[in-house]
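So you can see what is in the structure, the chains are spelled out below.
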Amino acid sequence: QVQLVESGGGLVQAGGSLGLACAASGTIFSINVMGWYRQAPGKQRELVATIISGGSTNYADSVKGRCTISSDRAKNTVYLQMNTLKPEDTAVYYCRIEMARQPGGPIFRYWGQGTQVTVSS
């Protein structure tokens, strides 16, 4: 069994900063991709940022230059630092971790429970 627990989020004024964290626990052999997604009311879930095992990162155009994704592989944790937040960043943020649970085993993708980020104008 694998669990992802998110922390961080909350209410912040426009221009402010927030940090999110997502820790995975359970039987994990290797992690391939860690990422953050978000879903605003009435909209589809969208990619925010990803980081792969080699350290390469990818960002949505809407957050480039304002967000930084990082990870601590020893702790199976992924972070998202968000700066210069805008009201349009308001959404529920979800982490997703792609992993193998045993050598040569299948790849699994797990989602966090979601954490609300609200940016007031």
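As a starting point, this report considers the structure included with it. (Residues numbered from 1 in each chain as written. Predicted model: local features only at pLDDT ≥ 70, side-chain atom pairs only at ≥ 80, totals over all residues. Heavy atoms only, no water.)

With that settled, consider the overall build of the protein chain. Secondary structure assignment for the protein chain yields 0 helices and 11 strands. Secondary structure elements in the protein chain, listed N-terminal to C-terminal, are β-β-β-β-β-β-β-β-β-β-β. Relative to its length of 121 residues, the protein chain is compact, with a C-alpha radius of gyration of 14 Å against a globular reference of 14 Å. Along the first, second and third principal axes, the C-alpha atoms of the protein chain reach 50 × 25 × 25 Å. Here the protein chain holds 121 residues, and 39% of them are scored as buried. Sequence separation of 24 or more characterises 56% of the internal contacts of the protein chain that already satisfy a separation of 6 or more. Carbon and sulfur atoms make up 48% of the accessible area of the protein chain, which amounts to about 6,300 Å² in all. (Helix = DSSP H or I, 4+ residues; strand = E, 2+ residues; numbered from the N terminus. Rg over C-alpha atoms; globule rule 2.2 N^0.38 Å. Buried < 20%, exposed > 50% of the residue type's maximum accessible area, 1.4 Å probe, protein only. Contact = heavy atoms within 4.5 Å. Areas by Shrake-Rupley, 256 points an atom, 1.4 Å probe, with all protein chains shown as cover.)

Moving on, we get to the state of the cysteines. For the structure shown, the criterion picks out 1 disulfide. One disulfide in the model links Cys22 with Cys95; its S-S distance is 2.0 Å. Residues Cys22 and Cys95 are joined by a disulfide whose S-S torsion is about 50°; by sign, that bridge is right-handed. Of this pair, Cys22 sits in strand 3 (residues 18–26) while Cys95 sits in strand 9 (residues 91–100); the two residues are 73 residues apart in sequence, bridging distant segments of the chain. (Disulfide = S-S within 2.5 Å.)

The strand order across the open sheet built from 4 strands is 1-3-8-7, with neighbouring strands paired in antiparallel fashion. On the outer flanks of this sheet lie strand 1 (2–8) and strand 7 (67–72), each paired with one strand and no other. Shown here is a sheet whose adjacent strand axes are inclined to one another by a mean of 15°, direction ignored. With 6 bridges joining them, strand 7 and strand 8 (residues 77–82) adopt antiparallel strand pairing. When the bridges of strand 8 are listed, Thr68 appears paired with Gln81. (Pairing = 2+ DSSP bridges. Axes fitted to C-alpha atoms, helices over the stretch in contact; angles between N-to-C directions.)

A few words now on the pattern of salt bridges. One pass over the structure, following the stated rule, counts 5 salt bridges. Residue Arg66 is joined to Asp89 by a salt bridge in which the shortest nitrogen-to-oxygen separation is 2.7 Å. Of this pair, Arg66 sits in the loop between strand 6 (57–59) and strand 7 while Asp89 sits in the loop between strand 8 and strand 9; the two residues are 23 residues apart in sequence, bridging distant segments of the chain. One exposure class covers both Arg66 and Asp89, and it is buried. Glu98 is the partner of Arg109 in a salt bridge, and the nearest nitrogen-oxygen pair spans 3.0 Å. Of this pair, Arg109 sits in strand 10 (residues 107–111) while Glu98 sits in strand 9; the two residues are 11 residues apart in sequence, bridging distant segments of the chain. Here the salt bridges do not stand alone but share partners, grouping Arg38, Glu46, Arg66 and Asp89 into one network. (Salt bridge = Lys/Arg side-chain N within 4 Å of Asp/Glu carboxyl O.)

Before going further, it helps to examine unusual backbone geometry. Look at Asn76: it is not a glycine, yet its phi comes out positive at around 50°. Note on placement: Asn76 falls in the loop between strand 7 and strand 8. One non-glycine residue, Thr84, lies in the positive phi region at around 50°. For Thr84, the position within the fold is in the loop between strand 8 and strand 9.

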